[in-house]
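Breakdown of the fold
So you can see what is in the structure, the chains are spelled out below.
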Amino acid sequence: MADDGTLTRADLADILHREIGLSRADSADQVEGILRHMCEALSHGHNVKISGFGSFILRDKGERIGRNPKTGVEVPIAPRRVLTFRPSQTMRDRIAKAG
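Residues numbered from 1 in each chain as written. Predicted model: local features only at pLDDT ≥ 70, side-chain atom pairs only at ≥ 80, totals over all residues. Heavy atoms only, no water.

Here we look at the overall build of the protein
Rules: Secondary structure counts use DSSP, requiring at least four H or I residues in a row for a helix and at least two E residues in a row for a strand, with both numbered from the N terminus. Note on exposure labels: buried denotes an accessible area under 20% of the residue type's maximum, exposed denotes more than 50%, and partly exposed covers the range between, all computed with a 1.4 Å probe on protein chains only.
A count of helical and extended segments in the protein gives 3 helices and 5 strands. Taken from N to C terminus, the helices and strands of the protein fall in the order α-α-β-β-β-β-β-α. Summarising its shape, the C-alpha atoms of the protein cover approximately 60 × 35 × 25 Å along the three principal directions. Scored against the burial criterion, the 99 residues of the protein give a buried share of 15%.

Pasting the structure below:
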């Protein structure tokens, strides 16, 4: 894991290499393949659910009026699609125990 406590693609590939015994190149390919499939599904409008981990959910937000905090001027905010993550109950329980 990186010094700042962030788990990276390289860390995931290294874990596969150490725990499963795949070569470093095959481990990196597996991680990239999984992430590519997830990105493709999301880009085609599908949600991604990983049991015991959580769900990546696409949500369409409608147009709304916002306000520039410096000037107070109202500004229209265009409709857009956003990606949210909802952790599973298992994940929430693990995080609560770790804290």
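Back to the text.
Topic: the pairing of strand β4 (residues 74–77)
To keep things clear, this is the line we draw: Between any two strands, at least two bridges found by DSSP are needed for them to pair.
Direction of pairing for strand β3 (residues 64–67) relative to β4: antiparallel, over a ladder of 4 bridges. Within β4, the residue paired with Arg 64 across the bridge is Ile 77.

Re the pattern of salt bridges
The test is simple: Whenever Lys or Arg places a side-chain nitrogen within 4 Å of a carboxyl oxygen from Asp or Glu, that contact is recorded as a salt bridge.
Taken as a whole, this structure holds 5 salt bridges when the rule is applied. Close ionic contact of Arg 67 with Glu 74 constitutes a salt bridge, the shortest N to O distance being 3.2 Å. For the pair Arg 67 and Glu 74, one class covers both residues: exposed. Linked by salt bridges that have partners in common, Asp 14, Arg 18 and Arg 24 make up one network.

Remarks on the side chain of Ser 27
Formally: Contact criterion: two residues are considered in contact whenever any of their non-hydrogen atoms come within 4.5 Å of each other.
Note on placement: Ser 27 falls in helix α2 (residues 24–43). Ignoring anything within four residues of it in the chain, the contact list for Ser 27 reads Ala 13, Leu 16, His 17 and Leu 22.

What about the packing of aromatic side chains?
So the rule is basically this: Pairs were defined over the aromatic rings of Phe, Tyr and Trp, the Trp ring being its six-membered one, requiring ring centres within 6.5 Å. Orientation was assigned from the angle between planes: stacked under 30 degrees, edge-to-face over 60, tilted for the rest.
Summed over all chains, the structure comprises 2 aromatic pairs. On the basis of an interplanar angle of 55° and a centroid distance of 5.4 Å, the ring pair of Phe 53 and Phe 85 is categorised as tilted. Of this pair, Phe 53 sits in the loop between β1 (48–50) and β2 (54–61) while Phe 85 sits in strand β5 (residues 80–87), placing them 32 residues apart in sequence. Taking the relative accessible area as the measure of exposure, Phe 85 reaches 36% and is therefore partly exposed. Both rings, one in Phe 56 and one in Phe 85, keep their centres 4.9 Å apart while their planes meet at 50°; by these two values the pair is tilted. Here the residue Phe 56 occupies a position in strand β2, and Phe 85 occupies one in strand β5, the gap between them amounting to 29 residues. Of the aromatic side chains, those joined through ring pairs into one cluster are Phe 53, Phe 56 and Phe 85.

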